[in-house]
Amino acid sequence: MTDADIGPESASVEVQDTESNNEPPQEAAVGQEDQDEGSLTPAKRPRLAEEGQELREDFQPGLPDMEQDDQTTGASLHVTDEEATTADGATEEQENIDGGHDGEMQPEEEKSESADGPNEAQHLPFDFSQTPQVLTSAWSEYCHFSENYLKGCKWAPDGSCILSNSADNVLRVYNLPPEVYTYNWDALPEMSPVLKMAEGDTVYDYCWYPKMNSLEPHSCFFASSSRDNPVHIWDAFYGEVRASFRPYNHLDELTAAHSLCFSLDGSQLYCGFDKTVRVFYTERPGRDCEERPTTAKKQSGQSGIISCLGFSPCQSLYACGSYSRCAGIYSCQDGSLLALLPTRHHGGLTHLLFSPDGYYLYTGGRKDPEILCWDLREPGQVVFSLKRNAGTNQRIYFDLDPSGRYLLSGGTEGVVSVWDTRNPAGGEELLQPDFQFQAHWDCANGVSIHPFLPLVATSSGQRQFLWPSDGEGDSSSSCSDAEGGDEAATSAARADNTLNLWWAGPCGSPEAREQSEEVSEMQS
């Protein structure tokens, strides 16, 4: 494992080469891999079912099929000899049997893995009857300079790693510790990033490629947007810039995207701007894009900066949240406005999320204590609201578990709240949290739920302001320095810039749980 620090200068050189050739991000990555084969070492390897099994040397990453909707998920990454033969060029008869898709169901004998494997863990439910257990954390990376607080975290779509953002404008990738699968949690050390990718300025937003799969390195990338910079596509194996999307305004000046979101099939990248959404095609980096205004002259629409984006998992539509405190529902085909939700938030929207069934939309704003649940079958109807402590302009994320039952959100006091959205407690409009636990001592701004394990990642931190000095005017410089040192120490004591990994499922290994169940049955 090596840390790849990519500075803004090297990033800009790579961007210019990629844009001049007008190559898709995957082609740029393949070319760079061939060129620097001896110098670059992949920081993360595909997570295979058997320990000690390495990636095949003859494996060559190719171009992803943007039209392919099915792929192998991170929940079952076991690779058999027959599948490897099919991937390297199987016979036509084998392709007809398998259907030619990586996402086809495997035979039962191939599905059966050890009890500690991912397939067994996939069926583990969340258990919020007790406080989640912290497995490991990362804090040393954020102590190199003062106020290096985190700004959220996001699990990869296959669950193999987690991506974090912090005030030093560095995006870090952490691999999921393999001890999690063996339930050897006592030996978990502090997490260290396997990749570091430095942006040139404040990072506005970042998102994973939705078809990301660690067994296919060409699909391992994510997008990020920062102030006065184009949208960068980062390779999640080597930490290099694959390509860039360069949006320009009406004055032909480079402008930065405030929000990012890939379409569900990954073929398009949606970027939010002031009263406009620009759509780029993933396989065509550069400046060519489709502009979709959210307002029209002499017509009503959604004004303000588009601060967050999200796609419905079941219908061909997407939602846009803006700093004008409202959300709009749009068609994926032409970007036409389908519904404009009423302005119910007290602050600009910073995050939104669809339920897995696509019927509900959750929205949250800055300095707004409520998360609103909207019924999209009756646009404008709020089903219930969830109250949290969000007294800051900072973006505070929330997330839903894969079943859509539990919603988790942090707060400015470091408390993570859990709501059961399927049990609205008698239909009250204000839904009280079913469970709360102290995750951090500072603002818990990031919450991300693992795609198939009962794991929750949380990030914390916020800008710390010094208290005003008591002395004024004629105070000596030495006294001021001493007071400043005390204030800095107090501010550092209040800070909690960490990334925590929590286990929110049944405790103990499957064997231990089976023995406990047998004992309880015998006693009963």
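Every chain begins its residue count from 1, and numbering advances along the sequence as written. Reporting in this predicted model follows two pLDDT cut-offs: at least 70 for local features of residues, and 80 or more for side-chain atom pairs to be given and counted; totals over whole chains, interfaces and linings ignore these cut-offs and use all residues. Here the side-chain values reflect all heavy atoms present in the structure, with hydrogen atoms and water set aside.

## What about the overall build of the chain?
Piece 1. The way it works is that DSSP assigns letters per residue, a run of H or I at least four long becomes a helix, a run of E at least two long becomes a strand, and they are numbered from the N terminus. Of the regular secondary structure elements, the chain holds nine helices and 30 strands.
Piece 2. By residue count, 51% of the 524 residues in the chain fall in the buried class.
Piece 3. In the chain, the share of contacts with a sequence separation of at least 24, taken over all contacts with a separation of at least 6, comes to 59%.
Piece 4. Residue burial considers only the protein chains on display, and all accessible areas are found by Shrake-Rupley using a 1.4 Å probe. Carbon and sulfur atoms provide 46% of the accessible area of the chain, an area that totals close to 24400 Å². Burial status follows relative accessibility: with a 1.4 Å probe on protein chains alone, a residue under 20% of its type maximum counts as buried, one over 50% as exposed, and anything between as partly exposed. Contacts were defined at the residue level, with two residues in contact if any of their heavy atoms lie within 4.5 Å.

## Quick word on the nonpolar core
Piece 1. Counting residues in each nonpolar core, the largest one holds 23 residues, and the members touching the most others are Leu176, Leu455, Leu499 and Trp503.
Piece 2. Listed by contribution, the elements that provide at least two residues to this core are strand 2 (133-138), strand 3 (150-155), helix 7 (179-182), strand 29 (455-460) and strand 30 (499-503).
Piece 3. To define a nonpolar core, start from buried Ala, Val, Leu, Ile, Met, Phe, Trp, Tyr and Cys residues and group those joined through side-chain atoms within 4.5 Å. One finds Ala156, Leu195, Met197 and Cys220 within the second-largest nonpolar core, a separate group that totals 20 residues.

## Quick look at the side chain of Gln394
Piece 1. Structurally, Gln394 can be placed in the loop between strand 22 (381-387) and strand 23 (398-400).
Piece 2. Gln394 gets classed as buried once you look at its relative accessible area, which sits at 16%.
Piece 3. Engagement of the side chain of Gln394 in a polar contact is seen with the backbone oxygen of Gly461, the distance being 3.4 Å.
Piece 4. Residues in contact with Gln394, not counting those within four places in the same chain, are Tyr149, Leu150, Lys151, Cys443, Asn445, Gly461 and Gln462. Within 3.5 Å is the distance limit for a polar contact, defined as a pair of N or O atoms, with the added protein rule that one can donate a hydrogen and the other accept it, and that residues adjacent in sequence qualify only through two side-chain atoms.

## A word on the pairing of strand 28 (residues 444-449)
Piece 1. For strand 28, the tally of buried residues reaches six of six residues, placing the bulk of the element in the interior.
Piece 2. Here five bridges tie strand 28 to strand 29, and the two strands are oriented antiparallel to one another. By the bridge assignment for strand 29, Ala444 is matched with Ser460.
Piece 3. Strands pair, by our definition, only if DSSP identifies at least two bridges between them. As consecutive antiparallel partners, strand 28 and strand 29 are separated by five residues.

## Brief notes about the confidence of the model for the chain
Low-pLDDT portions of the prediction should not be read for the details of their coordinates.
Piece 1. Each residue carries a pLDDT value, the predictor's own confidence for that position, ranging from 0 to 100. A residue-level look at the chain finds 67% of positions with pLDDT of 70 or above and a mean pLDDT of 76.
Piece 2. This stretch, residues 26-38, has a pLDDT under 50; its non-local contacts, to residues over four places away or in other chains, come to 20 contacts.
Piece 3. Confidence over residues 45-121 falls short of pLDDT 50; this stretch has 112 contacts with residues more than four positions distant or in other chains.

## Side note on the sheet that holds strand 23
Piece 1. Across the sheet, which stays open at both edges, the four strands sit in the order 23-24-25-27 with antiparallel pairing between neighbours. Looking at strand neighbours, the two that pair on one side only are strand 23 and strand 27 (435-438), the edges of this open sheet. Direction aside, the axes of adjacent strands within the sheet are offset by 15° on average.
Piece 2. Across three bridges, the pairing between strand 23 and strand 24 (residues 406-409) is antiparallel. Bridging across to strand 24, Asp399 finds its partner in Leu408. To get an axis, fit a line to the C-alpha atoms, keeping to the stretch in contact for a helix; angles then go from 0 to 180 degrees between the N-to-C directions.

## Some thoughts on the pattern of salt bridges
Piece 1. One speaks of a salt bridge when a side-chain nitrogen belonging to Lys or Arg is within 4 Å of a carboxyl oxygen belonging to Asp or Glu. This model, assessed by the stated rule, comprises twelve salt bridges.
Piece 2. Note that Glu141 and Arg172 form a salt bridge whose closest N and O atoms lie 3.0 Å from each other. A residue pair is termed long-range when its members are at least 10 positions apart, and Glu141 in the loop between strand 2 and strand 3 and Arg172 in strand 5 (residues 170-175) qualify at 31 residues.
Piece 3. Owing to a relative accessible area of 3%, Arg172 belongs among the buried residues under this scheme.
Piece 4. With a closest N to O distance of 3.0 Å, Glu290 and Arg292 form a salt bridge.
Piece 5. Classification of Arg292 by relative accessible area gives buried; the value is 4%.
Piece 6. Because the salt bridges share partners, they merge into one network encompassing Glu141, Asp168, Arg172 and Lys196.

## Points about the side chain of Ser214
Piece 1. Within the secondary structure, Ser214 is located in the loop between strand 7 (203-208) and strand 8 (221-226).
Piece 2. Within the structure, the side chain of Ser214 is placed 2.7 Å from the side chain of Asp158, a separation counted as a polar contact.
Piece 3. Engagement of the side chain of Ser214 in a polar contact is seen with the side chain of Ser160, the distance being 2.8 Å.

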